[in-house]
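Chain by chain, the residues:
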Amino acid sequence: MQKIINLFDFKQKVDYKTEVLSGITVALALVPEAVAFALIAGLSPLVGLYASFMMGLVTSILGGRPGMISGATGAIAVVIVALAKTHGVEYVFATVILAGLIQMLAGFLKLGKLIRLVPHPVIFGFVNGLAIIIFMSQLDQFKDASGNWLTGSNMYILLGLVALTMLIIWGLPKLTKAIPASLTAILVVFGLVYFLKLDTKTVGDIASIKGGFPPFHIPSIPFNLETLQIIFPYAAIVAGVGLIESLLTLNIIDEITETRGYSNREAVAQGTANILSGFFSGMGGCAMLGQSLINISSGARARLSGIIASVALLIFIMFGSGLIEKVPMAALTGLMIMVAIGTFEWASIRIINKMPRHDIFVGMLVALITVVLHNLALAVLIGVIISALVFAWESAKRIRARKYVDETGIKHYEIFGPLFFGSTTAFTEKFDILNDPEEVIIDFKESKVVDMSAIEALNVLTHRYAKQNKKIHLRHLSQDCRQLLKNAESVIEINIIEDPTYKVMLDK
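Residues numbered from 1 in each chain as written. Predicted model: local features only at pLDDT ≥ 70, side-chain atom pairs only at ≥ 80, totals over all residues. Heavy atoms only, no water.

Asker: Could you give an account of the overall build of the protein chain, with specific residues and numbers?
Answerer: In terms of helices and strands, the protein chain carries 20 helices and six strands. Expressed as lengths along the three principal axes of its C-alpha atoms, the size of the protein chain is roughly 100 × 55 × 50 Å. Taking all 508 residues of the protein chain together, 53% fall into the buried category. Here the contacts in the protein chain between residues at least 6 apart in sequence split such that 82% fall between residues at least 24 apart. Of the roughly 24,800 Å² of accessible surface on the protein chain, a fraction of 64% belongs to carbon and sulfur atoms. (Helix = DSSP H or I, 4+ residues; strand = E, 2+ residues; numbered from the N terminus. Buried < 20%, exposed > 50% of the residue type's maximum accessible area, 1.4 Å probe, protein only. Contact = heavy atoms within 4.5 Å. Areas by Shrake-Rupley, 256 points an atom, 1.4 Å probe, with all protein chains shown as cover.)

Dropping the structure here:
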């Protein structure tokens, strides 16, 4: 029983009032997002709403980050839109289920730790790009059905209500934190529109959200190899995009709350949620940074807020659609604009002239790719690759050699810095093969042999000295470096000096 209590964090102190009110606020913010993302994917609005319910409920209960909100997202919608158009919604359900299995496998294999390889500039770019996307997506509310900008009283009313919403969300916490500012803003604007009979766009103008409990449904597709070939590429991308967005959101919430989430547990929870989403007529999804920030900024820190948000969303669908469809879009638009403002890392602008140029470039590139292509996984991947290449280049430039000849006439090369693919050229240029004595020692006390390129560089150097009837020895190799060379001894020729007095502390 104690293990079950620890698993679901029931021991955590919960402010029930804050959790419930925050959950209701998040549920209201989920409605237009889920509907919009389902329409982007070419699916029924209910498919997006069902996905947000299932994703939010399962990850709130099982996930590795209390307070984080999951649901149907634009990143997933962009991936599956082509599949939905060519093969239909049944293949989408099957794809989501397979993606969930891949995510669970990643969690069980403890691959969540790979998120540590994402540098801070990439996270800055990801967050800023997402903030810009959230802001730009709200601009559609200022257009009519034909895509033209609103004019006259319609525009003035909408602007006024959006500004009022933003003012309440900004100003109310300065007066009192007894009630969530976001929920208060929505209720105030709703009351003004309802009692003053203002003519403005509502949730119901986008689509009807009326429905029942998500129906259990096994995807109606042929279970054969051809089907797997169709859905697997989409499933792999959905799984990757979902995990990257979820684990980056987890890291950001960790920083805000100064607590620690569990990436592998979150990966398993995301996978479980996607599997159930596919079986219960949902389009799948992942963590939502905007809604998560609404939840955290409202004071929620436990799992209850996410559970309340999911259950409230289902209640809206089943019983409260008539009321929720009357909620003004101006209130939700103002809420999401404030989320975008709060999401943007304004510190990234202040540090432009104070941080390395390549880091600034990476952050701006990731943000640009995120905004232009709406492909978060690709943006993060490109950012990580560029950062890794820059690191390799900088490390390659730092390899050095200190040279001296001892009293016996043997020349020593003391190497500083790692020997790897990027530094092999600079390494070999440091040796004076023609003028060196007959015996040379290369000391690796302050260096490491890292990869195949390093091994080959040592092999080539040995042969070059041998052609001049000279011999080189390697000294002070750590145990892992010795093992690398031992594994390759059948294809290389390298002399290692045994030095039993030299010890290297290895990671356990």
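Continuing now.
Asker: I'd like a description of the domain arrangement of the protein chain, backed by residues and values.
Answerer: Taken domain by domain, the protein chain consists of domain 1 (16-389) and domain 2 (399-487). Taking only C-alpha atoms into account, the centre of domain 1 sits 54 Å from that of domain 2. (Domains from an automatic or database assignment.)

Asker: Could you give an account of the packing of aromatic side chains, naming the residues involved and the relevant values?
Answerer: Counting across every chain of the model gives 10 aromatic pairs. Relative to Phe421, the ring of Phe420 has its centre 5.1 Å away and its plane inclined at 85 degrees; by these criteria the two rings are edge-to-face. Residue class for Phe420 comes out buried when judged on its relative accessible area of 8%. With relative accessibility at 51%, the residue Phe421 sits in the exposed group. Note on Phe427 and Phe431: the rings are 5.0 Å apart at their centroids and 70 degrees apart in plane angle, and the pair reads as edge-to-face. (Phe/Tyr/Trp six-rings, centres within 6.5 Å; stacked < 30°, edge-to-face > 60°.)

Asker: So, the sheet that holds strand β5 (residues 439-446): which residues are in play, and what are the values?
Answerer: The pairing of strands in a sheet comes from backbone hydrogen bonds and takes either a parallel or an antiparallel form. What the four strands build is an open sheet, ordered β3-β4-β5-β6; its pairing is mixed. Two strands bound the open sheet, and with one partner strand each, they are β3 (400-405) and β6 (471-475). Averaged over all pairs of adjacent strands, the angle between strand axes in this sheet comes to 20 degrees, irrespective of strand direction. Sheet analysis places β5 next to β6, joined by five bridges and oriented parallel. (Pairing = 2+ DSSP bridges. Axes fitted to C-alpha atoms, helices over the stretch in contact; angles between N-to-C directions.)

Asker: Would you mind going over the pattern of salt bridges in detail, with residue names and values included?
Answerer: In the structure shown here, the tally under the stated rule is six salt bridges. As a salt-bridge pair, Glu414 and Arg402 come within 2.6 Å of each other at their nearest N and O atoms. Here Glu414 is found in strand β4 (residues 411-416), whereas its partner Arg402 is found in strand β3, with 12 residues between them in sequence. The class of Glu414 is buried, set by a relative accessible area of 16%. Its salt-bridge partner being Lys411, residue Asp436 comes within 2.9 Å of it at the nearest N-O pair. Placement of the pair is Asp436 in the loop between α18 (424-428) and β5 and Lys411 in strand β4, with a sequence separation of 25 residues. Note on Lys411: relative accessible area 15%, which makes it buried. Residues joined in a network through salt bridges with shared partners are Glu394, Lys397 and Arg398. (Salt bridge = Lys/Arg side-chain N within 4 Å of Asp/Glu carboxyl O.)

Asker: Run through the environment of Met364, naming residues and quoting values.
Answerer: Inspection of the secondary structure puts Met364 in helix α16 (residues 357-373). Relative accessible area serves as the criterion here: at 56%, Met364 is assigned to the exposed category. Spatially, the C-alpha atoms of Met364 and Lys85 are 33 Å apart, while their sequence positions differ by 279 residues.

Asker: Go over the packing of helix α3 (residues 45-62) against helix α10 (residues 263-279), please, and point to the residues and values.
Answerer: Helix-helix packing is described using two parameters, namely the angle between the two axes and the distance between the axes. Where α3 meets α10, the closest approach of the two axes is 8 Å, and the angle between their N-to-C directions is 150 degrees. As for the relative orientation of α3 and α10, their crossing is right-handed in sense. Contacts between α3 and α10 involve Ala51, Met54, Met55, Val58, Thr59 and Leu62 on the former and, on the latter, Arg265, Glu266, Ala269, Gln270, Thr272, Ala273, Asn274, Leu276 and Ser277. Classifying every residue of the contact of α3 with α10 gives eight nonpolar, five polar and two charged. (Left-handed = near helix turned anticlockwise from the far one by under 90°. Nonpolar A, V, L, I, M, F, W, Y, C, P; charged D, E, K, R; others polar.)

Asker: If you had to explain the UniProt feature "domain: STAS" (unreviewed entry) in the protein chain to someone new, which residues and values would you point to?
Answerer: Look at the UniProt record and you will see "domain: STAS" (unreviewed entry) annotated at residues 409-486. Each end of residues 409-486 is marked by a C-alpha atom, and these two atoms are 29 Å apart; helix forms 37% of the span and strand 24%. (UniProt positions renumbered as here; feature names shortened; annotations may be inferred.)

Asker: Residue-level account of the environment of Ala300, with values.
Answerer: Structurally, the position occupied by Ala300 is in the loop between α11 (289-297) and α12 (304-318). Setting aside residues up to four positions removed in sequence, Ala300 forms contacts with Thr18, Glu19, Ser22, Asn295 and Ser305.

Asker: Would you mind going over the packing of helix α9 (residues 225-257) against helix α17 (residues 376-396) in detail, with residue names and values included?
Answerer: Running from amino to carboxyl end, α9 crosses α17 at an angle of 70 degrees, the nearest separation of the two axes being 8 Å. Taken together, the axes of α9 and α17 are roughly perpendicular relative to one another. The residues of α17 that touch α9, namely those facing Val241, Ile244, Glu245 and Leu248, are Leu376, Ala377 and Val380. Residue composition of the contact of α9 with α17, grouped by class: six nonpolar, no polar and one charged. (Parallel < 35°, antiparallel > 145°, perpendicular 65-115°, else oblique.)

Asker: So what about a nonpolar patch on the surface? Which residues, and what values?
Answerer: A grouping of Leu105, Leu109, Leu111, Leu114 and Leu117 is seen on the molecular surface, where their side chains present a nonpolar patch of about 500 Å² in accessible area. Looking at the element boundaries, Leu117 is found in the loop between α5 (89-108) and α6 (120-138). Under the relative-accessibility criterion, Leu117 is labelled exposed at 60%. (Patch = residues over 30% accessible without salt bridge, like charges linked within 9 Å, V, L, I, M, F, W, Y side chains within 5 Å.)

Asker: How would you summarise the side chain of Glu245 if you had to cite specific residues and measurements?
Answerer: Within the secondary structure layout, Glu245 lies in helix α9. The buried charged residue Glu245 lacks any salt bridge, with Arg65 as its nearest oppositely charged partner at 16 Å. If we skip the residues at most four places from it in the chain, Glu245 touches Ala75, Phe126, Leu130, Cys286, Ala287 and Leu376. (Lys, Arg positive; Asp, Glu negative; His and termini not counted.)

Asker: Give me the lowdown on the confidence of the model for the protein chain, citing residues and values where you can.
Answerer: Summing up the model confidence of the protein chain, the mean pLDDT is 88 and the portion of residues at 70 or higher is 95%. Looking across the protein chain, the model is least confident in helix α1 (residues 2-7), with a mean pLDDT of 43, and most confident in α10, with 97. Confidence drops under pLDDT 50 across residues 1-8; counting only partners more than four residues distant or on other chains, this segment forms 10 contacts. Low pLDDT, under 50, characterises residues 500-508; the stretch is placed with seven contacts to residues that sit more than four places away or in other chains. (pLDDT = per-residue confidence, 0-100.)

Asker: With reference to specific residues and values, describe the side chain of Asp436.
Answerer: Note on Asp436: relative accessible area 4%, which makes it buried. A distance of 2.7 Å separates the side chain of Asp436 from the side chain of Tyr413, its partner in a polar contact. Looking at Asp436, its side chain comes within polar contact range of the side chain of Tyr465, at 2.5 Å. In contact with Asp436, other than residues within four places in its own chain, are Lys411, Tyr413, Tyr465 and Lys470. (Polar contact = N/O pair within 3.5 Å; in protein donor to acceptor, adjacent residues only side chain to side chain.)

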